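Each chain is listed here by its residues.
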Amino acid sequence: MQALRIGAAKQEIHVPTGDYGLLGYGQPNHKALARSTPLYSRVFCFAADDDEAKPLFFAQSEICMVFPELRRAVVERLQARLGRESLESERYMLCSQHTHCGPGGYSHYPFYNFAVPGFRPQIFDAIVDSLVTASLQAWSQREAAQLRFACQAFADDIDVAFNRSLSAYNRNPQVAKFGDHETHKAIDRRMWLLEASSEDGRCIGQINWFGVHPTSISSRLSVLSSDNKGYAAVSLEARLGPGSVAIFAQHFAGDVSPNAQGDTKPDWLRGPTRDEIDNARYNGELQSEQAWKIIQELDATHALGVDTLDAALVNRDLSKVEIDADFADGKSGERTSAPCHGLAFYRGSPVDGPGIREPVVSLVRLLASRANMRLQRERPELLRAQQPKLIVSESGDGVLVGMKSRQFLPSFLDRALAEMQRQDRAGALDELPWVPTVLPLQMLRIGELAIIGFPGEITTVAGQQLQQLCLEALASCGVRHVVISSYANSYSGYCTTWHEYQAQSYEGGHTMFGSRTHDAFRTEYRRLLRECTKPAAERRFESLPEKIFSPETLEKRSVR
């Protein structure tokens, strides 16, 4: 077994309050008018006790999403400080915590900035600065350490999370069917935890994975907040002692909410009280208590065997994947398509975050229905891949309800649409796509544990199926545990199973590459991991370049 040196650090993200939008709910009136909590970036560095060995970094920021340009900027700055020979890009995983009360405006992709409005270089720089500083501190603070790993489920009577799309979940043929009073059972209630401690027994920190949306605070409160997972991290760090770092990472959060759904808790709104901040703190304490319980029960039997530190990353175009037939009910030739958002996406999630106003929904449905009739004639393959989604935006091609020009739409209905029209007039939308299509698929391996970086939001059943596939693919090289670390390195919207997609709930409407999106990810991850089982010298990865927008386009999209 390899001797390890591990460091961990955190750094505040210094973003201002002001009259600009928060990212998550897509509501132009949801702004950073006040600060409820600090926002942090947290980083772990794992290195072998060997000066020649290259370290692994696991980083998380208390922001809504990660985009490839953010990770690229962090890695480039770290390589400039540490040297390219000391940090290989594939050995740095960057995840978001997914708070919906974090700053917006840091994506180069315009779709995620319309409601903010615009790209804000100062926000981008603040996030990068925090990650670089925390990463360098984690690197410099490495010390001899050991790892322990464990998994334990929340008890059923702990009101920590609920499935918010039960009708879609129940469409999966292999699952036990639950009623409206059992939404708390239709999730993966397990928390997976990796703990690092020094040779003298001091806790360096922990990373745990449990899927639940940080949406205890709604769009009604215009505050910067780390929401439930941020409260969980601060609470556990206080228990673990000075200098300890606690990352509360996401697992299968796509259809999982902290807010009661159906008839499970009919007296709840967004938690047990009428105060949303108190509800965020309450949910965070439940997660913190579960992590503390697991840590308290760790012993020598939970020691993680570490014989290697390994990593791999490939960029794949998810809009152009031919699905392996065994993931498509034996059918050959099934494919994904260019990314599209459906009406169900624009309507939002009924409890967590309603979308456009109902009077506007009727107009959008009418325009989208006409546009879909055109697609039937002009792009039948795209429509087939996306069915039964009612396509509102062809987000890879910059088309909204069938219109390449957005100037004919009534901007008074929505301020995000007004920003879209402003950028359109400036020529800021000419460079495509509006959303990432080339996506990073990543694996970090710490001996018996493989951390799979997933670039988006994956639902409970889709995540469980991907986790099992990865475990089977890596078992031959000694991997005994797999966690799916979602919201990693980029953002592709949602990933539902084929059966869930047919329901066209919010999650299905936001599954951008069509009904076979989940099968495409399984196809591509299996290809990646098959190469990872080979000796390093024999691996052959096929990877595409990331999209890099021109400085001229970014300037046109910017608000300073």
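Preceding this paragraph is the structure being described.
What comes next concerns the included structure. (Residues numbered from 1 in each chain as written. Predicted model: local features only at pLDDT ≥ 70, side-chain atom pairs only at ≥ 80, totals over all residues. Heavy atoms only, no water.)

Here we look at the sheet that holds strand E8 (residues 143-153)
Okay, so step 1: If you walk across this open sheet you meet the eight strands as E6-E5-E4-E1-E8-E10-E11-E13, and the pairing is mixed. The open sheet is flanked by strand E6 (92-96) and strand E13 (245-249), the only strands paired with a single partner. Between one strand and the next, the sheet's axes are offset by a mean angle of 20°, whatever the strand orientation.
Okay, so step 2: Bridging between strand E1 (residues 4-12) and E8 involves three bridges; their strand directions are antiparallel. Note that in E8 the partner of Leu-4 across the bridge is Ala-145.
Okay, so step 3: Where helix H1 (residues 68-82) meets the sheet, its contacts fall on strand E5 (56-61) and E6, and the angle it forms with E6 comes to roughly 140°. (Pairing = 2+ DSSP bridges. Helix = DSSP H or I, 4+ residues; strand = E, 2+ residues; numbered from the N terminus. Axes fitted to C-alpha atoms, helices over the stretch in contact; angles between N-to-C directions. Contact = heavy atoms within 4.5 Å.)

Observations concerning the pairing of strand E22 (residues 449-454)
Okay, so step 1: The element E22 is largely enclosed, with a buried count of six among its six residues.
Okay, so step 2: Where burial is concerned, the two faces of E22 agree: the one with Leu-449, Ile-451 and Gly-453 and the one with Ala-450, Ile-452 and Phe-454 are both buried.
Okay, so step 3: Examined bridge by bridge, strand E21 (residues 438-446) and E22 share five bridges and lie antiparallel to one another. Each residue of the ladder has a partner; that of Ile-446, found in E22, is Leu-449.
Okay, so step 4: Counting the residues between successive antiparallel strands, the hairpin from E21 to E22 contains two residues, one of them, Gly-447, with a positive phi of roughly 60°. (Buried < 20%, exposed > 50% of the residue type's maximum accessible area, 1.4 Å probe, protein only.)

Focus: the environment of Ala-59
Okay, so step 1: Summarising the element assignment, Ala-59 is placed in strand E5.
Okay, so step 2: When the C-alpha positions of Ala-59 and Ala-138 are compared, they lie 10 Å apart, and in sequence the two are 79 residues distant.

What to know about the nonpolar core
Okay, so step 1: The biggest cluster of nonpolar side chains holds 106 residues, and the ones touching the most others in it are Tyr-92, Tyr-106, Tyr-112 and Leu-529.
Okay, so step 2: If one sorts the elements of this core by residue count, helix H2 (residues 121-140) sits on top with ten residues.
Okay, so step 3: With sequence-adjacent residues up to four places away left out, Tyr-112 is seen in contact with Leu-23, Met-65, Phe-67, Ser-107, Trp-434, Val-435, Pro-436, Tyr-491 and Met-512.
Okay, so step 4: If you look at the next biggest cluster of nonpolar residues, it comprises 32 residues, including Ala-48, Leu-56, Ala-196 and Ala-249. (Core = buried A, V, L, I, M, F, W, Y, C linked by side-chain atoms within 4.5 Å.)

With respect to a negative patch on the surface
Okay, so step 1: On the surface, a cluster of negative charge is made up of Asp-49, Asp-50, Glu-199 and Asp-200.
Okay, so step 2: Here Asp-49 is to be found in the loop between strand E4 (40-48) and E5. (Patch = residues over 30% accessible without salt bridge, like charges linked within 9 Å, V, L, I, M, F, W, Y side chains within 5 Å. Areas by Shrake-Rupley, 256 points an atom, 1.4 Å probe, with all protein chains shown as cover. Salt bridge = Lys/Arg side-chain N within 4 Å of Asp/Glu carboxyl O. Lys, Arg positive; Asp, Glu negative; His and termini not counted. Charge placed at Lys NZ, Arg CZ, Asp CG, Glu CD.)

Focus: the sheet that holds strand E16 (residues 341-342)
Okay, so step 1: Taken together, three strands build an open sheet; the order of strands is E16-E19-E20 and the sheet is antiparallel. Strands with a single pairing partner mark the edges of an open sheet, and in this sheet they are E16 and strand E20 (399-400).
Okay, so step 2: Bridge analysis of E16 against strand E19 (residues 391-394) gives two bridges, and the strand direction is antiparallel. Across the sheet, His-341 pairs through a bridge with Ser-393, a residue of E19.
Okay, so step 3: Contacts from helix H7 (residues 358-378) reach E19 and E20, with the element oriented near 70° to E19.

Some details on the packing of aromatic side chains
Okay, so step 1: Following the criterion strictly, the structure yields 22 aromatic pairs and no others.
Okay, so step 2: Here Trp-268 and Tyr-282 contribute two aromatic rings whose centre-to-centre distance is 6.3 Å and whose plane-to-plane angle is 75°, an arrangement assigned as edge-to-face. With Trp-268 in the loop between strand E14 (256-257) and helix H5 (276-296) and Tyr-282 in helix H5, this residue pair connects regions lying 14 residues apart in the sequence.
Okay, so step 3: What makes Tyr-282 partly exposed here is its relative accessible area of 31%.
Okay, so step 4: In this arrangement the basic side chain of Arg-142 is found over the ring face of Trp-139, its NZ or CZ atom lying 3.7 Å from the centre.
Okay, so step 5: The side chain of Arg-557 reaches across the aromatic face of Phe-549, ending 4.5 Å from its centre. (Phe/Tyr/Trp six-rings, centres within 6.5 Å; stacked < 30°, edge-to-face > 60°. Lys NZ or Arg CZ within 6 Å of the ring centre and 35° of its normal.)

Considerations on the packing of helix H10 (residues 460-474) against helix H13 (residues 517-532)
Okay, so step 1: Remark: H10 packs on H13, axes separated minimally by 9 Å, with the N-to-C direction vectors making an angle of 20°. Between H10 and H13, the crossing angle belongs to the class labelled roughly parallel. As for how H10 packs across H13, the hand of that crossing is right-handed. Counted together, Ala-462, Gln-465, Leu-466, Leu-469, Cys-470, Ala-473 and Leu-474 of H10 and His-518, Arg-522, Tyr-525, Arg-526, Leu-529 and Cys-532 of H13 form the full contact between these two elements.
Okay, so step 2: Within the contact of H10 with H13, the residues separate by chemical class into nine nonpolar, two polar and two charged. (Parallel < 35°, antiparallel > 145°, perpendicular 65-115°, else oblique. Left-handed = near helix turned anticlockwise from the far one by under 90°. Nonpolar A, V, L, I, M, F, W, Y, C, P; charged D, E, K, R; others polar.)

Overview of the pairing of E21
Okay, so step 1: Along E21, nine of the nine residues are buried, which leaves the element largely enclosed by surrounding structure.
Okay, so step 2: Side chains of E21 alternate between two faces, with Val-438, Pro-440, Gln-442, Leu-444 and Ile-446 and Leu-439, Leu-441, Met-443 and Arg-445 buried alike.
Okay, so step 3: Both strand E15 (residues 309-317) and E21 contribute to a ladder of nine bridges, which runs antiparallel. The partner of Leu-309 across the bridge, within E21, is Ile-446.

What about the packing of H1 against H2?
Okay, so step 1: Closest axis-to-axis distance for the H1/H2 pair is 9 Å, and the angle between their directions is 45°. With respect to each other, H1 and H2 are oriented oblique. Regarding H1 and H2, the two cross each other, and that crossing is right-handed. Here Glu-69, Leu-70, Ala-73, Val-74, Arg-77, Leu-78, Arg-81 and Leu-82 of H1 lie close against H2, whose contacting residues are Phe-124, Ile-127, Val-128, Asp-129, Leu-131, Val-132, Ser-135, Leu-136 and Trp-139.
Okay, so step 2: For the contact of H1 with H2, the class distribution of residues is twelve nonpolar, one polar and four charged.

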